[in-house]
Amino acid sequence: MNMKAWSLLGNSQKLDGGAMFGNAPKAMWEKWVKVDALNRIDLACRALLVENLNGKRVLFETGVGAFFEPKLRERFGIQESQHVLLNELAKIGFTDADIDVVVLSHLHFDHAGGLLAAWQENAPAKLLFPNATFVTSATGWQRAQNPHPRDRASFIPELNALLAASGRLELVNGDYSGSLGRSVRFHHSDGHTPGLLLAEIIGEHEHVVFCADLIPGRAWVHLPITMGYDRNAELVIDEKKAFLADMQARGVKLFFTHDADIAVASLQCDGKGKYSTTHEQAQWLAHAL
């Protein structure tokens, strides 16, 4: 059976534009995104669902979810109190119990928080996706267990413990995983956080790569643009240069998790080596891969 793909929205955020664009001046980045009176920009936390991938139903990331208590939800600019991703799955006839594999590029809360049920007062954290294998990198898992003070607040200790106790955690060291076989090739990045996995899905008709936080959205395909959240901005730029050259050479489509408006785009490069996107798509709905 052919693979089919859906782009699914998760809970959205509003974050400081200066933090999202690192040392780029506002005069530059405000041309690319909308900015509110608090200097915040709109960010999606988008997931990708693929049916019939190595015979499995696979979800790439879960977004930030709704696990934060109200004060923290406000601090991190999360806009909805309900678990949006679960609602999105329900719209296409699935629940979290129908997912066979969840692939996590890394374990920062805005990518993995959706693994947890929505916050309820005096209730302990609860792990969703009861039948799924959770795939992430061995290096990223180690980072989550022993984070640096710079990004300690980006991880969820309760989630780490629940994943470890689930017995369904698969740690990737190379370019492929046991659960996904040759249907997904992993590219590796360390500039944003150690052990970031970029999953390239090998479709019959086309390839698409989940760009995660190496390239959060269209604006970040421009090589010099990095985030204040990146641990090593120079390494991010070097990694993007090699990654984008490879993706363009092979015609691989880019899937964006944080772009507020666009889910998927193709890549183009002008004579001066400047990248931009083309053939942009706001949504995939049972898209044939």
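Shown above is the structure to which this text applies.
A short tour of the structure in this document, coming up. (Residues numbered from 1 in each chain as written. Predicted model: local features only at pLDDT ≥ 70, side-chain atom pairs only at ≥ 80, totals over all residues. Heavy atoms only, no water.)

### Observations concerning the sheet that holds strand β11 (residues 207–210)
Spatial strand order, β9-β10-β11-β12-β13-β14: six strands in an open sheet with mixed pairing. Each having just a single partner strand, β9 (184–189) and β14 (275–281) make up the two edges of the open sheet. Averaged over neighbouring strand pairs, the angle between their axes works out to 30° when direction is ignored. Here two bridges tie strand β12 (residues 253–255) to strand β13 (residues 264–269), and the two strands are oriented antiparallel to one another. Among the inter-strand pairings, F255 is bridged to a residue of β13, identified as V264. Running over the sheet, helix α8 (residues 233–250) touches β9, β10 (196–202), β11, β12, β13 and β14 and is turned about 155° from β9. (Pairing = 2+ DSSP bridges. Helix = DSSP H or I, 4+ residues; strand = E, 2+ residues; numbered from the N terminus. Axes fitted to C-alpha atoms, helices over the stretch in contact; angles between N-to-C directions. Contact = heavy atoms within 4.5 Å.)

### Some thoughts on the packing of helix α6 (residues 138–145) against helix α7 (residues 157–166)
α7 packs onto α6 with a crossing angle of 130° between their chain directions and a minimal axis gap of 10 Å. Between α6 and α7, the interaxial angle falls into the category oblique. Helix-helix and strand crossings are classified by hand; for α6 and α7 the assignment is left-handed. Along the contact surface, α6 presents W141, A144 and Q145, while α7 presents N160, L163 and A164. (Parallel < 35°, antiparallel > 145°, perpendicular 65-115°, else oblique. Left-handed = near helix turned anticlockwise from the far one by under 90°.)

### With respect to the pattern of salt bridges
Scanning all chains against the criterion turns up 11 salt bridges. In this structure, E280 and R218 form a salt bridge, with 3.7 Å as the shortest nitrogen-oxygen distance. Here E280 is found in strand β14, whereas its partner R218 is found in the loop between β11 and α8, with 62 residues between them in sequence. Residue E280 is classed as partly exposed on the basis of its relative accessible area, which comes to 37%. Among the residues examined, R218 registers a relative accessible area of 24% and is labelled partly exposed. The partner of R250 in a salt bridge is D246, with the nearest N and O atoms 2.8 Å apart. Taken together, the residues span about one helical turn, with R250 and D246 both in helix α8 at a distance of four residues. Given the relative accessible area of 24%, D246 is considered partly exposed. (Salt bridge = Lys/Arg side-chain N within 4 Å of Asp/Glu carboxyl O. Buried < 20%, exposed > 50% of the residue type's maximum accessible area, 1.4 Å probe, protein only.)

### As for the side chain of S105
With respect to the helices and strands, S105 occurs in the loop between β6 (101–103) and α5 (109–112). A distance of 2.3 Å separates the side chain of S105 from the side chain of E61, its partner in a polar contact. Ignoring anything within four residues of it in the chain, the contact list for S105 reads E61, H111, T136, G195, L196, L197 and A212. (Polar contact = N/O pair within 3.5 Å; in protein donor to acceptor, adjacent residues only side chain to side chain.)

### A few points about the sheet that holds strand β8 (residues 169–172)
In space, the seven strands of this open sheet follow the order β8-β7-β6-β5-β4-β1-β15, with mixed pairing throughout. Single-partner strands in this sheet number two, and they are β8 and β15 (287–288). Seen against the sheet, helix α4 (residues 84–91) touches β1 (4–8), β4 (47–53) and β5 (56–60) and runs at an angle of roughly 140° to β1. Across the sheet, α6 lies against β7 (133–137) and β8, angled at about 90° from β7, the strand it touches most.

### Comments concerning α7
Within α7 the residues assigned to the buried category are L159, N160 and L163. Angular distribution of buried residues about the axis of α7 spans 100°; they occupy a single face of the element. Exposed residues lying more than 90 degrees from the buried face of α7 are P157 and A165. Buried positions along α7 lie against α5, β7, α6 and β8. (Arc of directions from axis to C-beta.)

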